Amino acid sequence: MPPARPRPSTRERTEAATVATGNARIVRSTPDDVFAVFSDGWLYPVWVVGAARMRDVTGDWPQAGAEIHHSLGIWPVLIDDRTEVVEWDPPRRLRLRARIGPFGRAVVVIDVRPRGDHCIVRMGEEPVAGIAARIPRFLWAPVMRLRNTETLRRLAFLAEGRAQARLENDRVIRDDVPAEEPGPQADPEAREDVAEADEAHDAAENPEQVDPPEKRE
C-alpha cells in the first residue's frame, strides 16, 4: 500500500480546487481489460489526447516508480514530457504524476469498478504546480473535461476491442509476426493504385534522407 498522503493546507486545497475536474464512462469490458491497456506503456498516445508520440518506456512499467517518456502537442510543435506511476493497484486504481513541460505538473487518478457485465471508469485530473495550477477553473476545466471525455472514449475502444477478441478466442496480442498467407486480397482499385505508384516505390528504395537513431535520455 502507498504511504498515506499528508493532509493539504487550506491554501493548497483552495488552489487545487480551482482546476480539478473529473469524468466517468461506462466501458463494455471487465476492469482487467482496462488495466491490460494501461499495462502497455507504448499504447499511451493511442488513448491519451494530446500525447503525440512515445520515446521510451522503462522496463519496470507499470509498477510504481516506472516512467513513460512521451511528447505532447501537434507536430511540429511538440514538448518532450514524462509520466510516472505513483500507484499501480489493478484492477482498481491507477495514479500517475505527469510533467507537462513548462506548464508544470499534474496528477491523474483513474478508478475502475465493475458494473454488471461492464465496468465504470472514473478519471480525475488536477494540475498541482506551474502555470496550469494558477489558471482559474472557469477557463481551464471545460477544456480539460472535453479532453478527458475523448480520452475515456479512446480507452473504451481499446478495452472493448480486447474484450471482444477475448470472447471470440482471438489473439489479443501477437507474440509473432504472421507469415503471408493465400486468401482474400486487397481491393482491386487499391492494388491498381499501388502498381501505378512508381515514384513511391523508387523513393522507398532510394530515400532522400536517412536519419540516425536518437540518443535515449
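Higher on the page you've got the structure.
Residues numbered from 1 in each chain as written. Predicted model: local features only at pLDDT ≥ 70, side-chain atom pairs only at ≥ 80, totals over all residues. Heavy atoms only, no water.

### Quick notes on the overall build of the chain
Heads up, the rule is: Under the scheme used here, helices are H or I runs from DSSP no shorter than 4 residues and strands are E runs no shorter than 2 residues, and both carry numbers assigned from the N terminus. Any pair of residues with heavy atoms lying within 4.5 Å of one another is described as a contacting pair.
When helices and strands are counted, the chain shows six helices and seven strands. Looking at the chain alone, contacts between residues at least 24 apart form 48% of all its contacts between residues at least 6 apart.

### Some details on the environment of Arg 162
Within the fold, Arg 162 resides in helix 4 (residues 137–167). Sequence separation between Arg 162 and Ala 36 is 126 residues, and the spatial gap between their C-alpha atoms is 8.6 Å.

### Things to note about the sheet that holds strand 5 (residues 93–99)
Using the following cut-off: Pairing between two strands requires that DSSP report at least two bridges joining them. Note on geometry: axes are C-alpha line fits, over the in-contact stretch for helices, and angles between N-to-C directions span 0 to 180 degrees.
Sheet architecture is open: seven strands sit in the order 1-7-6-5-4-3-2, paired in antiparallel fashion. The open sheet terminates on both sides in strands that have one partner only, identified here as strand 1 (21–27) and strand 2 (51–57). Taken over all neighbouring pairs, the strand axes of this sheet differ in orientation by 25° on average, direction set aside. Summarising the sheet, strand 5 and strand 6 (residues 105–115) pair through seven bridges and their orientation is antiparallel. Note on strand 6: the bridge partner recorded for Arg 97 is Val 107. Taken strand by strand, helix 4 contacts strand 1 and strand 7 (118–129), and its axis lies near 20° from that of strand 1.

### Brief notes about the environment of Val 57
Defined as follows: Relative accessibility decides the category of a residue: with a 1.4 Å probe and only protein chains considered, values under 20% of the type maximum give buried, values over 50% give exposed, and everything between is partly exposed.
Summarising the element assignment, Val 57 is placed in strand 2. The buried category is assigned to Val 57, whose relative accessible area is 16%. Between the alpha carbons of Val 57 and His 69 there is a distance of 6.2 Å; along the sequence they are twelve residues apart.

### Quick notes on the packing of aromatic side chains
Threshold: Within 6.5 Å between ring centres, the rings of Phe, Tyr and Trp (the latter by its six-membered ring) count as paired, and their orientation is classed by plane angle as stacked under 30 degrees, edge-to-face over 60, tilted in between.
One pass over the structure, following the stated rule, counts four aromatic pairs. Both rings, one in Phe 35 and one in Phe 38, keep their centres 5.1 Å apart while their planes meet at 80°; by these two values the pair is edge-to-face. Of this pair, Phe 35 and Phe 38 both sit in helix 2 (residues 31–38), three residues apart, which is roughly one turn of the helix. The pair formed by Phe 35 and Phe 38 is uniform in burial state, with each residue classed as buried. Centroid distance Tyr 44 to Trp 47: 5.8 Å. Interplanar angle 70°. Geometry classified as edge-to-face. Of this pair, Tyr 44 and Trp 47 both sit in helix 3 (residues 44–47), three residues apart, which is roughly one turn of the helix. Among the aromatic residues, those joined into a cluster by ring pairs are Phe 35, Phe 38, Tyr 44, Trp 47 and Trp 88.

### Digging into the layout of surface pockets
This is how the line gets drawn: Site definitions follow a grid-based scheme: protein atoms alone, a 1 Å grid, a 1.4 Å probe that fits but cannot get out for cavities, and for pockets an open set with protein on both sides within 12 Å along at least five of seven lines, plus lining residues having an atom within 4 Å of a point. Grid points are joined across faces, edges and corners, and a volume is the space filled by probe spheres set on the points. Charged residues are taken to be Asp, Glu, Lys and Arg, nonpolar residues to be Ala, Val, Leu, Ile, Met, Phe, Trp, Tyr, Cys and Pro, and polar residues to be all remaining types, Gly included.
Empty space within the second largest pocket amounts to approximately 640 Å³. Together, 30 residues line the second largest pocket, and Val 49, Leu 72, Ile 100, Glu 125 and Arg 147 are the ones closest to its centre. Among the secondary structure elements, those contributing two or more residues to the lining of the second largest pocket are helix 3, strand 3 (67–74), strand 4 (77–89), strand 5, strand 6, strand 7 and helix 4. Its residues placed into classes, the lining of the second largest pocket shows 22 nonpolar, five polar and three charged.

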